[in-house]
Amino acid sequence: MKLLRKENILFIYFTYLIIATYVYLLLQINEFPQKYVFTEWLINYEGGYVNRGLLGQIVFYISNIFSIDLKFVILFFQASIYTVYFILFYSLLSKIKINFFWILIIFSPILFSYPLIELMVLGRKDTFVICLFMIFSMISYKSLNSLFFYFLIFFGISSFIHEITIFYIFHYLLIIYLHMKLNLHIKIKKIYIIGLLVFVSFFLFLNLYQHNFVVMEDIIDSYGFEEGIITTESGAFSHLKPTVGSAFFIILGKIKFINVLKYLFIIVLNSIPFLFFIKFKKLKNFKYLSTKNIFFTFFILSLPVYGLVYDWGRVIHINYNFFIILLLFYFKLNLIDLNHLDMKIKKLNYKSRITILIFTCFMFSPDILSINPLEYFPLPSQSLRFFVGIIEKFIEV
């Protein structure tokens, strides 16, 4: 059947994801402003510079200037960035051959469907951080000046949106390095290195020092909520005060070995397709560019963020998005051995493929919080929950 062609499956799946995302975003408006996701969007600069304040300040201004209910301004931004997110990924995936390897990636429960599986992630600012990096990776740069200019723009805006961006600077730098080596064929000048260090130091100063002087009561008062509706201990506001050191020790005190094993299991499970199917071409100037080196390098680089936040499921989701964007970039630069990929796929019989698909994509998913148990049968459960909910609404009407 033509409907079941891989390209059509991609279109149908993304259409479902967009519709389901819109529906759940609309439904969670009823929980404004107490739900965690909304408290994050309420963070603005009315009390001084603060991490994550850029989008909050923008929606604050729009709401006041045009007299639009704040929650609908936030809803518009959320729906818009998810639309951009899915369109960008669909555009990238539609340019490559969708085979069994990509089916495992696309249906991974920690990628596109995760915000629907774990609704506490839905509507967070992370999607802006992911989209900005994706756009940065998609641009064709003609010079070193344009490459660094766009880095300053995208990394800078992303850092003002959410301070977690700093943990993904090496992903940005890898994009820059590969462009310099393979497309521009130039070496970096010292002035660029100095400029990069100054730029990153500036954001570290803002996020680690200047942020500490924010008056959160002024932020909360700027919205004019009834007393007690939102306080400095509400949702995302409660996570603004702890310093990096205190946050680390708070998380360290809550971590249990069994929880680490559960999340390691999820990471390894969803990394199997990359480790098994992908092989980099042997290039003269890239002797260290290999599947294992790439995997272990970015796995190690991702570890610090787990020591500073408690919602490890969300971190896995962000990390995997960045990893897949880089993977698509490798394909774009023709760094992947496609013959090896096809050979690996052909060696798997039908039963093996079904078994791998079910075990990798349909069996396990991480809860947003590291202390909670794993989710079982996440994609089927989420789809069932969505369609049953739609049917119930129609019956009520």
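Below or above, wherever it landed, is the structure these notes cover. (Residues numbered from 1 in each chain as written. Predicted model: local features only at pLDDT ≥ 70, side-chain atom pairs only at ≥ 80, totals over all residues. Heavy atoms only, no water.)

Points about the nonpolar core
Moving on, step 1. Judged by nonpolar contacts, the single largest core of 133 residues is most densely connected at Phe14, Phe101, Trp102, Ile106, Phe112, Ile324 and Tyr330.
Moving on, step 2. Counting residues per element, this core draws most heavily on helix H15 (residues 312–332), which supplies 15 residues.
Moving on, step 3. Ignoring sequence-local partners within four residues, the contact set of Trp102 consists of Leu93, Ile96, Lys97, Ile324, Leu327, Leu328 and Phe331. (Core = buried A, V, L, I, M, F, W, Y, C linked by side-chain atoms within 4.5 Å. Buried < 20%, exposed > 50% of the residue type's maximum accessible area, 1.4 Å probe, protein only. Helix = DSSP H or I, 4+ residues; strand = E, 2+ residues; numbered from the N terminus. Contact = heavy atoms within 4.5 Å.)

A word on the packing of helix H14 (residues 291–306) against H15
Moving on, step 1. At a closest axis distance of 11 Å, the pairing of H14 and H15 adopts a crossing angle of 150 degrees. The orientation of H14 relative to H15 falls into the category roughly antiparallel. Our pair here, H14 against H15, has a crossing hand that is right-handed. Two secondary-structure elements touch here, H14 through Ile294, Phe298, Ser302, Val305 and Tyr306 and H15 through Trp312, Val315, Ile316, Asn319, Phe323, Leu326 and Tyr330.
Moving on, step 2. A per-class count over the contact of H14 with H15 returns ten nonpolar, two polar and no charged. (Axes fitted to C-alpha atoms, helices over the stretch in contact; angles between N-to-C directions. Parallel < 35°, antiparallel > 145°, perpendicular 65-115°, else oblique. Left-handed = near helix turned anticlockwise from the far one by under 90°. Nonpolar A, V, L, I, M, F, W, Y, C, P; charged D, E, K, R; others polar.)

Some details on the side chain of Gln28
Moving on, step 1. Tracing the backbone shows Gln28 in the loop between helix H1 (6–27) and helix H2 (36–41).
Moving on, step 2. With sequence-adjacent residues up to four places away left out, Gln28 is seen in contact with Lys35, Val37, Phe38, Gln78, Leu119, Leu122 and Gly123.

Comments concerning helix H13 (residues 257–277)
Moving on, step 1. Taking 1.5 Å of rise per residue, 21 residues should cover 30 Å, and H13 covers 30 Å from first to last C-alpha, within 8% of that figure.
Moving on, step 2. Along H13, the sharpest kink reaches roughly 40 degrees, centred on Ser271 and followed within four residues by the proline Pro273.
Moving on, step 3. Buried residues of H13: Asn259, Lys262, Tyr263, Ile266, Ile267, Leu269, Asn270, Ser271, Pro273, Phe274 and Phe277, and no others.
Moving on, step 4. As for H13, its buried residues are in contact with helix H5 (100–106), H14, H15, helix H16 (338–346), helix H17 (350–362) and strand S1 (364–365). (Expected span 1.5 Å × (residues − 1). Bend = angle between axes of the 7 residues up to and from the residue.)

So, a nonpolar patch on the surface
Moving on, step 1. Together, Tyr61, Ile65, Phe66, Ile68 and Phe72 line one region of the surface with nonpolar side chains, adding up to about 550 Å² of accessible area.
Moving on, step 2. Looking at the nonpolar patch element by element, the count peaks at three residues for helix H3 (residues 53–66).
Moving on, step 3. You can see Ile68 is positioned in the loop between H3 and helix H4 (70–93). (Patch = residues over 30% accessible without salt bridge, like charges linked within 9 Å, V, L, I, M, F, W, Y side chains within 5 Å. Areas by Shrake-Rupley, 256 points an atom, 1.4 Å probe, with all protein chains shown as cover. Salt bridge = Lys/Arg side-chain N within 4 Å of Asp/Glu carboxyl O.)

Read these as spatial facts, not as claims about activity.
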